[in-house]
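# Inside the fold
Single-letter residue listing:
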Amino acid sequence: MPRLLLATSNAHKTAEVAAMLGAGWRVEDMRAHPGLELPEETGVTFEENAVIKARGASAALPGLLVLADDSGLEVDALRGEPGVWSARYAGAGAGDAANRARLKKELRALAGSGDDTFAARFRCCLALVRDGAVLHVSHGAVEGRIRLEEQGAGGFGYDALFVPEGYNDSFGVLPAEVKNQLSHRARALEEMRRWLETPA
Ligand code: IMP
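Residues numbered from 1 in each chain as written. Predicted model: local features only at pLDDT ≥ 70, side-chain atom pairs only at ≥ 80, totals over all residues. Heavy atoms only, no water.

### Considering the pattern of salt bridges
The cut-off we apply is this: A carboxyl oxygen of Asp or Glu within 4 Å of a side-chain nitrogen of Lys or Arg is what we treat as a salt bridge. Secondary structure elements are taken from DSSP: a helix is a run of H or I of four residues or more, a strand is a run of E of two residues or more, and numbering for both begins at the N terminus. Relative accessibility thresholds used throughout: buried, under 20% of the residue-type maximum; exposed, over 50%; partly exposed, between the two (1.4 Å probe, protein chains only).
As enumerated under the stated definition, the model contains 19 salt bridges in all. Aspartate 70 is the salt-bridge partner of lysine 53, the closest N and O atoms lying 2.9 Å from each other. Remark: aspartate 70 occurs in strand 3 (residues 65–75) and lysine 53 occurs in helix 2 (residues 46–60); sequence separation between them is 17 residues. Residue classification places lysine 53 among the buried positions, given a relative accessible area of 5%. Judged by its relative accessible area of 3%, aspartate 70 is buried. Arginine 123 is paired through a salt bridge with glutamate 74; the nearest N and O atoms lie 3.0 Å apart. One end of the pair, arginine 123, is in strand 4 (residues 117–130); the other, glutamate 74, is in strand 3, and 49 residues separate them in sequence.

Quick look at the structure:
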């Protein structure tokens, strides 16, 4: 069975990628390599950060296929913030709840008396690296709206605030199977899977 290391310690991301790739792949993440630290995300785009993470893990794991995900939320009313700073929106080391609280605070300051939802999208970039060489990069996005009321406890990050286009419930409420069909990560992974499964 082909083996893939996902360069993340985010168990939610790993669970999503493993579920989407299915039983034909053995997916592990940084929890299988406890001594190994990922480099700092110094890039200013999702692609730069995905490549930094994939290359960093690959340097310590010769021969292994390494996939890195860099992803985040862009809110139009905040000129694309939090973007690549999504994981650090409330400060370095901030948790998901603190990041959501900052987002709600920023948006409440802009909210009027009407429909207080805000156009937004999740973006994901995946970088596939072996022995330090970038083999392929893919991108995915899902459009939706941010609501100021949290809804549901599923998922992670900003899921409880994000309602994907065409739905009335947030990713925190929608079943994982639905998120894994239409998410930014699903779309980027679908393209990556097509590349992986195309004979050389
Ligand atoms: P990264 O681990 O540096 O790529 O940071 C990604 C951050 O973006 C996460 O910590 C979340 O805050 C946010 N994010 C990315 N993908 C998702 C998702 O599928 N749902 C909710 N939040 C997400």
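### Let's talk about the pairing of strand 3
Heads up, the condition is: For two strands to be treated as a pair, DSSP must find at least two bridges joining them.
In terms of burial, strand 3 is a largely internal element, 11 of the 11 residues being buried. Neither face of strand 3 is left uncovered, since the one carrying Leu65, Leu67, Asp69, Ser71, Leu73 and Val75 and the one carrying Val66, Ala68, Asp70, Gly72 and Glu74 both have all their residues buried. Sheet analysis places strand 1 (residues 3–6) next to strand 3, joined by three bridges and oriented parallel. Residue pairing across strands places leucine 5 opposite valine 66, the latter belonging to strand 3. Relative to strand 4, strand 3 runs antiparallel, the two sharing 10 bridges. Residue pairing across strands places valine 75 opposite alanine 120, the latter belonging to strand 4.

### Looking at unusual backbone geometry
Across the chain, the bulk of peptide bonds are trans and the bulk of non-glycine residues have phi less than zero. The peptide bond linking glutamate 81 to proline 82 adopts the cis configuration, its omega dihedral lying at 0°. With respect to the helices and strands, the residue proline 82 is situated in the loop between strand 3 and helix 3 (96–108). With a phi angle near 55°, arginine 79 is a residue other than glycine that sits in the positive phi range. Within the secondary structure layout, arginine 79 lies in the loop between strand 3 and helix 3. A positive phi angle, near 50°, is found at aspartate 131, a position not held by glycine.

### Remarks on the site of the ligand
Basically, it comes down to this: The criterion for a residue being near a molecule or strand is simple. One of its heavy atoms has to lie within 4 Å of it. We define a polar contact as two N or O atoms separated by no more than 3.5 Å, with the added condition that, inside protein, one atom must be a possible hydrogen donor and the other a possible acceptor, whereas residues neighbouring each other in sequence contribute only through side-chain atom pairs. To measure how exposed things are, a 1.4 Å probe is used in the Shrake-Rupley method; for residues, cover is taken only from the protein chains shown.
In the vicinity of the ligand, 17 residues are found, and the nearest of them are Lys13, Asp159, Lys179, His184 and Arg185. Contact distances for the ligand include 2.8 Å between an oxygen atom and a side-chain N or O atom of lysine 13. One of the backbone N or O atoms of serine 71 is found 3.0 Å from an oxygen atom in the ligand. In the complex, the protein chains occlude 93% of the 490 Å² of accessible area that the ligand would expose alone. Contributing elements (two or more residues each) for the shell around the ligand: strand 3 and helix 5 (184–197). Top element by residues in the shell around the ligand is strand 3. It accounts for four residues.

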